[in-house]
Amino acid sequence: MNHAASPPQELLEAQVPEIPSEARSCCPVCSGHEFRPFAEGYDYELRTCRNRWTFRQCAHCGHVMLDPRPRLEMLPVIYPPDYYSYNLSSQVNPLALKGKEILDRFKFRSILRHLPRQPASFLDIGCGDGRYLRLMEQWKMIARERLFGLELREEPVARLRTEGFQAICNRVETCEEIPSRSIDVTTMFHVIEHVDDPHQVIAKVAHWLAPEGVFAIETPNLEALDARLFARTYWGGYHIPRHWHLFTEQSLTRLLARSNLRVVAKRFQTGHSFWMYSFHHLIRYNRTFPSQRIARWFDPFRGLPLLVMFTAFDQIRAALGFRTSSLLIIARK
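These numbers were taken from a predicted model, which means no experiment stands behind them.

Conventions and cut-offs
- Residues numbered from 1 in each chain as written.
- Predicted model: local features only at pLDDT ≥ 70, side-chain atom pairs only at ≥ 80, totals over all residues.
- Heavy atoms only, no water.
- Helix = DSSP H or I, 4+ residues; strand = E, 2+ residues; numbered from the N terminus.
- Buried < 20%, exposed > 50% of the residue type's maximum accessible area, 1.4 Å probe, protein only.
- Contact = heavy atoms within 4.5 Å.
- Areas by Shrake-Rupley, 256 points an atom, 1.4 Å probe, with all protein chains shown as cover.
- Lys, Arg positive; Asp, Glu negative; His and termini not counted.
- Charge placed at Lys NZ, Arg CZ, Asp CG, Glu CD.
- Polar contact = N/O pair within 3.5 Å; in protein donor to acceptor, adjacent residues only side chain to side chain.
- Core = buried A, V, L, I, M, F, W, Y, C linked by side-chain atoms within 4.5 Å.
- Pairing = 2+ DSSP bridges.
- 1 Å grid on protein atoms, 1.4 Å probe; cavity = no way out; pocket = protein on both sides within 12 Å on 5 of 7 lines; lining within 4 Å.
- Points joined across faces, edges and corners; volume = space filled by probe spheres on them.
- Nonpolar A, V, L, I, M, F, W, Y, C, P; charged D, E, K, R; others polar.
- Axes fitted to C-alpha atoms, helices over the stretch in contact; angles between N-to-C directions.
- pLDDT = per-residue confidence, 0-100.
- Disulfide = S-S within 2.5 Å.
- Salt bridge = Lys/Arg side-chain N within 4 Å of Asp/Glu carboxyl O.

Attention now moves to the overall build of the chain. Along the chain, the regular secondary structure elements total eleven helices and 13 strands. Across its three principal directions, the C-alpha atoms of the chain cover 55 × 45 × 40 Å. Evaluated residue by residue, the chain yields a buried proportion of 54% over its 333 residues. The long-range fraction of contacts in the chain, counting pairs at least 24 apart against all pairs at least 6 apart in sequence, stands at 74%. Accessible surface for the chain amounts to roughly 14500 Å². Of this, 54% is attributable to carbon and sulfur atoms. Put simply, the chain has 43 plus and 35 minus side-chain charges, and the middle of one group is 5 Å from the middle of the other.

So, on to the side chain of Asp184. Within the secondary structure, Asp184 sits in strand β9 (residues 183-189). A residue is classified by how much of its surface remains accessible, and Asp184, at 7% relative accessible area, is buried. Within the structure, Asp184 has its side chain in polar contact with the backbone nitrogen of Ala120 (distance 2.7 Å).

Let's shift gears to the nonpolar core. With 34 residues, the main nonpolar core has Trp53, Phe55, Trp235, Tyr238, Leu246 and Phe310 as its most contacted residues. Elements that contribute at least two residues to this core include exactly β3 (53-58), β4 (64-66), α1 (75-78), α9 (272-285) and α11 (304-319). A total of five residues in this core trace back to one element, the largest contributor, which is α9. Not counting chain neighbours up to four residues away, the residues in contact with Tyr238 comprise Phe38, Ala39, Phe55, Phe230, Ala231, Thr233, His243 and Leu246.

Pairing is antiparallel across the open sheet formed by four strands, whose spatial order is β2-β3-β4-β11. A strand with exactly one partner marks an edge of an open sheet, and here the two such strands are β2 (35-41) and β11 (245-246).

Attention now moves to the environment of Leu103. For Leu103, the position within the fold is in helix α3 (residues 94-112). Sequence-wise, Leu103 and Gln269 are 166 residues apart; in three dimensions their C-alpha atoms are separated by 9.4 Å. Setting aside anything within four residues of it in sequence, one finds Leu103 in contact with Thr270, Thr311 and Gln315.

Here we take up the side chain of Thr48. Here Thr48 is to be found in the loop between β2 and β3. Within the structure, Thr48 has its side chain in polar contact with the side chain of Asp43 (distance 2.7 Å).

Right, let's get into the layout of surface pockets. The computed volume of the second largest pocket comes to approximately 440 Å³. Along the walls of the second largest pocket sit 16 residues, with Glu45, Leu46, Arg47, Tyr277 and Asp299 positioned nearest its centre. A breakdown of the residues in the lining of the second largest pocket according to their chemical character gives six nonpolar, three polar and seven charged.

Turning to the sheet that holds strand β12 (residues 262-269), a few remarks are in order. With mixed pairing, the seven strands of this open sheet are ordered in space as β8-β7-β6-β9-β10-β13-β12. Every other strand in the sheet has two partners, leaving β8 (166-169) and β12 as the edge strands with one partner each. Averaged over all pairs of adjacent strands, the angle between strand axes in this sheet comes to 15°, irrespective of strand direction. The pairing of β12 with strand β13 (residues 326-332) spans seven bridges and is antiparallel. The partner of Lys266 across the bridge, within β13, is Ile329. Running at roughly 150° to strand β10 (residues 209-220), helix α6 (residues 198-208) makes contact with β6 (122-125), β7 (147-151), β9 and β10 of the sheet.

A few words now on the confidence of the model for the chain. On average, the chain scores 89 in pLDDT, and the residues at 70 or more come to 90%. The secondary-structure element of the chain with the lowest mean pLDDT is helix α2 (residues 88-91), recorded at 58, while β6 shows the highest, at 98.

Here the focus is empty space enclosed by the protein. A full pass over the atoms with the stated rule returns one cavity of 30 Å³ or more. Looking at the largest cavity, its volume works out to about 50 Å³. By residue class, the composition of the lining of the largest cavity is six nonpolar, three polar and one charged.

The next point concerns the state of the cysteines. Going through the model one piece at a time under the given rule, you end up with zero disulfides. Take Cys175: it sits in no disulfide, and the sulfur closest to it among the cysteines is that of Cys169, at 10 Å. Among the residues examined, Cys175 registers a relative accessible area of 0% and is labelled buried.

It is worth spelling out the pattern of salt bridges at this point. Scanning the model with the defined rule gives 19 salt bridges in all. With its nearest N and O atoms 2.7 Å apart, the salt bridge here joins Arg134 to Glu163. Residue Arg134 is located in helix α4 (residues 131-138), and its partner Glu163 is located in the loop between α5 (154-162) and β8; the two are separated by 29 residues in the primary sequence. With relative accessibility at 26%, the residue Arg134 sits in the partly exposed group. Looking at Glu163, the relative accessible area reads 27%, which means it is partly exposed. Ionic pairing is found between Glu155 and Arg153, a salt bridge with its closest N-O pair at 3.6 Å. The class for Arg153 is buried, based on a relative accessible area of 17%. Beyond isolated ion pairs, a larger network of salt bridges with shared partners links Glu223, Glu249, Lys266 and Arg323.

Below, the structure written as structure tokens:
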């Protein structure tokens, strides 16, 4: 399934500056310095650039990272203003949003069970439009002045601030507004794969956590069936070039341990969007029989019937003990 030798014609002509390979840091999981090619591809999803990107795998621990990767000043290019997490409620079908809300409630209840007390503070890293901040407020557990959200774009942050939430426009690595040992529950859903140095980010989260505080982290799972089937280029979990690190259960557990965070639970969540984007990319960009019309059926923001089908498929597989493409790990300080 490797069709990444030349860029699809519909990609934008612009190429974004890259951090060269020779400037690459060591593996964030094991500090190794030897890497081998793992996968390659283009920005099949948003088509923000014409670069051909490569994932490399650590020869020692198997961790996978994008190398080279976009320079940090290019973040506004690869995350355009209409990026889905900034305006999720306006881009997703209302029925799909309702289903997601129900699944989110189950997920949060499972997370809060591991906190030995009533939470007094909450931080959502990559809070987007603030849906999880609002969920915690709806449960009347935590006042707005103790509901923190971290996001990269000023527009959604400004909206949340006007509502009274403690929204901060900053990266975890450079954020100094959150006091140490002050957060009872921190969530980071599909964010750790986007950061430059995941070890530095997790260490900062550990610094913010109160004693016995809970950290819930969700990320694409490299051991999933769809990750193996579409491994060479089209897997939706690559989200090229926005995902910079890809984990397995073992590598993420090892990384958390480096910051003295103990894993207390793991769960496999639905990965419907990864399945759908995998088929979307394969159908739309393959050279033999490309079809934009059929590919649109597999767009997670348009193809509601297939969204429901893949969600049910992964829920059944997770209930039977299979490793789905979204890994949730809950750790405690």
